[in-house]
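Listed below, chain by chain, are the residues.
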Amino acid sequence: MLLLFAIFASVFLLFSELAHCEDLVIEYGNVAVHQGTELTPKQTHLPPTVLSWPTEPETLYTLLVTDADVPAKVREINHWTIVNIAGTNVATGETLEQYTGANPPQGSGTHRYVFRVYKQSEKNHMKRFTTRTSFNSTRFILENHLEGPLAENFFVSQYQSEN
């Protein structure tokens, strides 16, 4: 029964919150991301040069970036997590997971790299993650009492050989 409730809660959270979501402005150099822009792994090897979302005074935010298209047994891969961000200045936040750009495995098709910003009710004191894989963003959001997502955006990427 508890598992059923957790599934219902995560689905409800996803759909009810997305209805009120703003666009998260993302730019990699001179390339703007617009809800599904295709980027190469090489274009995303460094963090975005611009991240912006609507803010409220004296409010802290959490940024989560995940690969949503990994095998079901892995759930999600955490590509970047910053908490306690003042406004949109990610440099003021505490990094729980360092940025890793797109790196879909060969033969795995197109992957969505989803950026979401959540509002915090207070400063969070969280430990760094021990692994990027098997990340569960729904659990993270619920356990840390995050509101939102308030803003989101994503890009897609496919495997690219080093040559």
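Residues numbered from 1 in each chain as written. Predicted model: local features only at pLDDT ≥ 70, side-chain atom pairs only at ≥ 80, totals over all residues. Heavy atoms only, no water.

1. Concerning the confidence of the model for the protein chain
Note the following rule: The pLDDT value tells you how sure the predictor is about a given residue, anywhere from 0 up to 100. By definition in these notes, contact holds between two residues if any of their heavy atoms fall within 4.5 Å.
Looking at the protein chain, the pLDDT average stands at 87 and 87% of residues meet or exceed 70. Confidence over residues 1–18 falls short of pLDDT 50; this stretch has 12 contacts with residues more than four positions distant or in other chains.

2. Looking at the pairing of strand S6 (residues 60–67)
Residues in a regular strand point their side chains to alternate faces of the sheet. Definition in use: When accessible area is computed with a 1.4 Å probe and restricted to protein chains, residues below 20% of their type maximum are described as buried, those above 50% as exposed, and intermediate ones as partly exposed. Elements are defined by DSSP. Helices are runs of H or I of four residues or more, strands are runs of E of two residues or more, and each kind is numbered from the N terminus. Strands qualify as paired when DSSP identifies two bridges or more between them.
Counted residue by residue, S6 has 7 buried out of 8 residues, so it is predominantly covered. In terms of strand pairing, S6 meets strand S7 (residues 77–86) through 7 bridges, oriented antiparallel. Opposite Leu60, over in S7, you have Ala86 as the bridge partner. As paired strands, S6 and strand S9 (residues 111–120) are joined by 8 bridges and run antiparallel to one another. The residue of S9 that forms the bridge with Thr62 is Tyr118.

3. Quick look at the pairing of S7
Of all 10 residues that make up S7, 8 are buried, and the element is covered over most of its length. Pairing analysis gives 3 bridges linking S7 to strand S8 (residues 94–97), with the strands arranged antiparallel. Within S8, the residue paired with Thr81 across the bridge is Glu97.

4. With respect to the sheet that holds strand S2 (residues 25–28)
For the record, the criterion: Inter-axis angles, ranging from 0 to 180 degrees, are taken between N-to-C directions of lines fitted to C-alpha atoms, where helices are fitted over the stretch in contact.
With antiparallel pairing, the 3 strands of this open sheet are ordered in space as S3-S2-S5. Looking along the sheet, the strands with just one partner apiece sit at the ends: strand S3 (31–33) and strand S5 (50–52). Adjacent strand axes in the sheet meet at a mean angle of 15 degrees, parallel and antiparallel pairs treated alike. One ladder, built from 3 bridges, connects S2 with S5; its direction is antiparallel. Bridge assignment links Ile26 to a residue of S5, and that residue is Leu51.

5. Details of unusual backbone geometry
With an omega of 20 degrees, the peptide bond running from Gly148 to Pro149 counts as cis. Relative to the assigned elements, Pro149 resides in strand S10 (residues 147–157). Backbone geometry at Gln35 places phi at a positive 35 degrees, although glycine is not the residue there. Of note, Gln35 is situated in the loop between S3 and strand S4 (37–38).

6. Details of the packing of aromatic side chains
For clarity, the cut-off: When two rings of Phe, Tyr or Trp (its six-membered ring) have centres within 6.5 Å they constitute a pair, described as stacked for plane angles under 30 degrees, edge-to-face for angles over 60, and tilted for the intermediate range.
Evaluated as defined, the whole model comprises 8 aromatic pairs. Between the aromatic rings of Phe129 and Phe135, the centroid separation amounts to 5.3 Å while the plane-to-plane angle is 75 degrees, which identifies the pairing as edge-to-face. Aromatic ring contacts, followed pair by pair, group Tyr28, Tyr113, Phe115 and Phe155 into a single cluster.

7. So, the nonpolar core
For clarity, the cut-off: Put simply, buried Ala, Val, Leu, Ile, Met, Phe, Trp, Tyr and Cys residues joined by side-chain atoms within 4.5 Å make one nonpolar core.
By size, the foremost hydrophobic cluster in this structure holds 20 residues, and its most contacted members are Leu24, Tyr28, Trp53, Leu63, Trp80, Phe115 and Phe155. Non-local contacts of Trp80, meaning those with residues more than four positions away in its chain, are made with Pro47, Pro48, Leu51, Leu63, Leu64, Val65, Glu97, Gln98, Tyr99 and Phe115. Tyr118, Met126, Phe135 and Phe140 belong to the second largest nonpolar core, which has 9 residues in total.

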